[in-house]
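# What the coordinates show
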There are 2 protein chains.
Amino acid sequence: MRKKEHKECTSALLPVRDTLDIIGGKWKLLILISIWEGNKHFREIERSIPKLSTKVLSKELKDLEENQLITRTVINGFPVRTKYMPTEHSKTLEKVIFELHNWGVHHRKKIFGNKSSNSSVSV
Amino acid sequence: MRKKEHKECTSALLPVRDTLDIIGGKWKLLILISIWEGNKHFREIERSIPKLSTKVLSKELKDLEENQLITRTVINGFPVRTKYMPTEHSKTLEKVIFELHNWGVHHRKKIFGNKSSNSSVSV
DNA sequence: CGGAATCCCATGAGATACTG
DNA sequence: CAGTATCTCATGGGATTCCG
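In short, a report on the structure. (Residues numbered from 1 in each chain as written. Chains lettered and ligands numbered in written order. Predicted model: local features only at pLDDT ≥ 70, side-chain atom pairs only at ≥ 80, totals over all residues. Heavy atoms only, no water.)

Moving on to the environment of Lys109(B). Tracing the backbone through its elements, the reader meets Lys109(B) in helix 6 (residues 93–112). It is 24 Å that separates the C-alpha atoms of Lys109(B) and Leu20(B), two residues lying 89 residues apart in sequence. (Helix = DSSP H or I, 4+ residues; strand = E, 2+ residues; numbered from the N terminus.)

As structure tokens, this is what we get:
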């Protein structure tokens, strides 16, 4: 699941690293959210996220599936169709994302003062 | 602060991205924690984190300083000495880290069943 | 000591083409 | 449609050296 480096580090940090590795990539959350929003098929997801290439999407979907955040189902014969669905487990991420969001907003205020406070909290 | 790509994406996600960019790197949290633990000087921090090179540490410290998570003070003339200290603002990250930790532990259980549940929650 | 500069390689990721 | 394969290039980051 994770690359096996720096095992030595503060062991309490390991679960934090796991989480960051799982949701921290450039695309992971975008893809997950796209699926949460109802996009189910490969091309559908791909089209919903600008700049995302098939290669990367393919890899990211595998990662998400390995981590049981989505399920992958092959539907029928020809042409092949697959369906990606979010798992119940993926819902447990919402709280984490909420905190990340929260801190991001808090941090922006801290850094920039009070402009651009127009962003919804819903994920 | 962030690379200016994919502005188009779900705007509620932007603060999340900010947060992830700030703490998400390979070293950021390790360095921050090292400083929290009391390491103050460049070499001191470097030595406390295996495999960390001066170049990377130098860059990461700048990032952390830009984001007002640490302060940098030059102490005296020769040889030069600097002091890095955590800011109050950095403390607001603890909740986020706690949630990341929490989910990581939860996730490990989900994936692996119940082994290796020996990690303290303190960060 | 605290870094900056340089060199170099591994990886990440975009574009395109191709297959079942 | 759902991916895989290949090629290529940018970047991240490791090792080492050097300077004030």
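Turning our eyes to something else, we now look at the relation of the copies chain B and chain A. Each of the two copies of the chain can be brought onto the other by a rotation about an axis and a shift along it. At an RMSD of 0.1 Å, chain B and chain A line up after a rotation of 180 degrees and a shift of 0.0 Å along the axis. Read as a symmetry element, the transformation amounts to a two-fold axis. Closest approach to the rotation axis within chain B is made by the C-alpha atom of Gly24(B), at a distance of 3.3 Å. Comparing contact sets, 100% of the residues at the interface of chain B also lie at the interface in chain A, consistent with an isologous, same-surface contact. (Least-squares fit on C-alpha atoms with pLDDT ≥ 70 in both. Contact = heavy atoms within 4.5 Å.)

This part covers the environment of Arg72(B). All names here are of chain B. Tracing the chain through its elements places Arg-72 in strand 1 (residues 70–74). Measuring from C-alpha to C-alpha, the distance between Arg-72 and Lys-40 comes to 9.4 Å, with 32 residues separating the pair along the chain. In this view, Arg-72 contacts Glu-65, Thr-82, Lys-83 and Tyr-84; residues no more than four positions away in its chain are not counted. Here Tyr-84 takes part through its side chain, which lies 3.3 Å from a polar atom of the side chain of Arg-72. (Polar contact = N/O pair within 3.5 Å; in protein donor to acceptor, adjacent residues only side chain to side chain.)

The interface of chain B with chain A comprises 46 residues on the first partner and 46 residues on the second. Carbon and sulfur atoms make up 69% of the area that chain B and chain A hide from each other, which totals about 4300 Å². Looking only at chain B, the three residues that lose the most surface to chain A are His89(B), Leu100(B) and Trp103(B), adding up to 15% of its buried area. Viewed at the interface, chain A and chain B are joined by four salt bridges. When the shortest N-O distance is used, the salt bridge between Lys95(B) and Glu99(A) registers 3.6 Å. The tally of links between chain B and chain A comes to 16 residue pairs in polar contact (both at pLDDT 80 or more). (Buried area = accessible area lost by both parts, 1.4 Å probe. Salt bridge = Lys/Arg side-chain N within 4 Å of Asp/Glu carboxyl O.)

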